[in-house]
Amino acid sequence: MNTTDQPGTPGRTDSPIHISGLHKRFGALEVLKGVDLTVARGEVVVVMGPSGSGKTTLIRCMNLLEEPDAGTVAVCGCSVECGDRARRRERARQVREIRHRTAMVFQQFNLFPHLTALGNVAEGPLSVRRMPRADAEALARRLLDRVGLADKAAEYPARLSGGQKQRVAIARALAMEPEVVLFDEPTSALDPELHAEVLQVMRELARDGMTMVVVTHEVEFAREVSDRVVFMDGGVVLEEGPPREFLSRPAHPRAQAFLRLVAHDLPEQGADGDGPDKPTRWEQAS
Amino acid sequence: MDLIVRDFPDLLRAMGVTLLLGVVSFVLGCILGALVGLARISRFRLLKGLAIAYVSVFRGTPLLIQIMLVYYGLPQLGILIEPIPSAILALTLYAAAYLSENFRAGIIAVDRGQWEAAHSMGMPYWRMLRRIVAPQAIRVALPPIGSRFIALMKDTSLASAVTVVELTRAAETIGSSTFRYMEAFLVAAAAYWLINTALSLGQGALERRLGRAYA
């Protein structure tokens, strides 16, 4: 359990994320069919599910990058009633507030290619938090150091490896000093040998008590780091529970089938001598 | 040769006028073009419709007619504009129609993930455009914008139709008074070429500068 309170975060509520009755359709395709999810402060929730299950859409609804058709998204004390066209202006303010309090790490990193690693991390503090440049850059340097990339501050993203890019992206997310960090398949675009460095940074973040929602297929990460695994399929949450229970004894047949696919290399093969703190295997079904 | 020497001050002044027309209408055209380009991708239907209509009209009619409409046509409505401002107005409106499409191409070439990353920080729209989208869009739009600048420089010759003494008009005047048309127009052509060579060198330098991050 990661129940240590993040120092400096205002304790607005004990569940920074509270989602209920969420529906989302893209044209004829109904992607979310009524999802409820509550995430407690300091909790690390892993969302798993087959491709097309709605897990990415769900996490993108949490900071309203996707606008749900119906339901309520309440994040860090800001509540948005979806599907209500009337109160656009007020909602725009709520949405901005939610985005200030959350940060997202993307599958494709989405680093700003025209800015250096330092510039990427400092951009949010400069542009959104209106910090003086010197303070923003000092913060960015501290965060780059925290993700182990202090020496890459002056490099442009084009010169970084995928794993380094994603670590810069995590530093960029932290620079917003968010209450919640949302990870959308943070290792799926990386070569297998680069997963570990990113997962290690995430693991440290969890240990520091950050509230995290992570869409991932990383079974080992879920087992070691998460407090709860949520399994989605067909636009609904089929099953959820503590990682050890869910990962070793999933109740639902579709969860069983899914886990057989993503966790095809179970412990006996994973003898590559890494310590218990390091992920020893990764999801290879892509 | 003595022709060039004798008429050199006139030609130089005319070259100055050509530069003035080209540079001023390019700068104004860029500002207007950027706004039209943004309107073109706006989710507000009215703005988008207006932008489409604007591009359609100013790109779909000859520049010469636009210039003459401003200088000879508007006085009928009681609007009198001097020759040089008339030419600049028409050139600006015309260039903006093309430039807006260059800007639009640049903006839509910026990866959707860039907008999402900025959105997810809660970055305000105009700040996001300026800090994140514009620097990447300009890099993509620079080659066609450079071509448009060069084309515009040559299009300034049409201002001669409304009595502006720029390079083309000056060459014509010198030619008709000396009957040395060949020399006069060749010198004018060389002057255009010089200006445009300088422009493309500048464009190249700018492209290298903007491309540094991507090397």
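By the naming in an unreviewed UniProt entry, chain B goes by Amino acid ABC transporter permease and is assigned to Streptomyces prasinosporus. Quoted verbatim from the Sequence similarities (unreviewed entry) field of UniProt, the annotation for chain B is "Belongs to the binding-protein-dependent transport system permease family." Quoted verbatim from the Subcellular location (unreviewed entry) field of UniProt, the annotation for chain B is "Cell membrane".

1. Focus on the UniProt feature "transmembrane region" (unreviewed entry) in chain B
The residues that UniProt annotates with the feature "transmembrane region" (unreviewed entry) are residues 12–39, 51–74, 80–99 and 184–206 of chain B. Taken end to end, residues 184–206 of chain B is 100% helix and 0% strand, and its first and last C-alpha atoms sit 33 Å apart.

2. A few points about the interface of chain A and chain B
Taken together, the contact between chain A and chain B spans 27 residues of the former and 23 residues of the latter. Carbon and sulfur atoms supply 53% of the area that chain A and chain B bury against each other, a total of about 2,100 Å² over both sides. Counting every contact that joins chain A to chain B gives two salt bridges. Residue Arg60 of chain A pairs with Glu116 of chain B through a salt bridge whose shortest N-O separation is 2.7 Å. Our count for the chain A to chain B interface comes out at seven residue pairs in polar contact (both at pLDDT 80 or more). Looking at the side of chain A that touches chain B, the elements with two or more residues in it are helix 2 (88–101), strand 6 (102–105) and helix 3 (117–127) of chain A. Per-class residue counts for the side of chain A that touches chain B are eleven nonpolar, seven polar and nine charged.

3. Concerning the sheet that holds strand 6 of chain A
Residues and elements named next belong to chain A. Taken together, six strands build an open sheet; the order of strands is 6-7-8-3-9-10 and the sheet is mixed. Across the chains shown, the open sheet's two edge strands, defined by having one partner strand only, are strand 6 and strand 10 (236–241). For this sheet, the mean angle separating the axes of adjacent strands, direction not counted, is 20°. Summarising the sheet, strand 9 (residues 228–233) and strand 10 pair through five bridges and their orientation is antiparallel. Looking across to strand 10, one finds that Val229 is bridged to Gly241. On the sheet, helix 1 (residues 55–62) packs against strand 3 (44–48), strand 6, strand 7 (180–184), strand 8 (211–215) and strand 9 and is oriented at approximately 150° with respect to strand 7. Strands strand 3, strand 9 and strand 10 of the sheet are contacted by helix 9 (residues 253–262), whose axis makes an angle of about 105° with strand 9.

Analysis parameters
- Residues numbered from 1 in each chain as written.
- Chains lettered and ligands numbered in written order.
- Predicted model: local features only at pLDDT ≥ 70, side-chain atom pairs only at ≥ 80, totals over all residues.
- Heavy atoms only, no water.
- UniProt positions renumbered as here; feature names shortened; annotations may be inferred.
- Helix = DSSP H or I, 4+ residues; strand = E, 2+ residues; numbered from the N terminus.
- Contact = heavy atoms within 4.5 Å.
- Buried area = accessible area lost by both parts, 1.4 Å probe.
- Salt bridge = Lys/Arg side-chain N within 4 Å of Asp/Glu carboxyl O.
- Polar contact = N/O pair within 3.5 Å; in protein donor to acceptor, adjacent residues only side chain to side chain.
- Nonpolar A, V, L, I, M, F, W, Y, C, P; charged D, E, K, R; others polar.
- Pairing = 2+ DSSP bridges.
- Axes fitted to C-alpha atoms, helices over the stretch in contact; angles between N-to-C directions.

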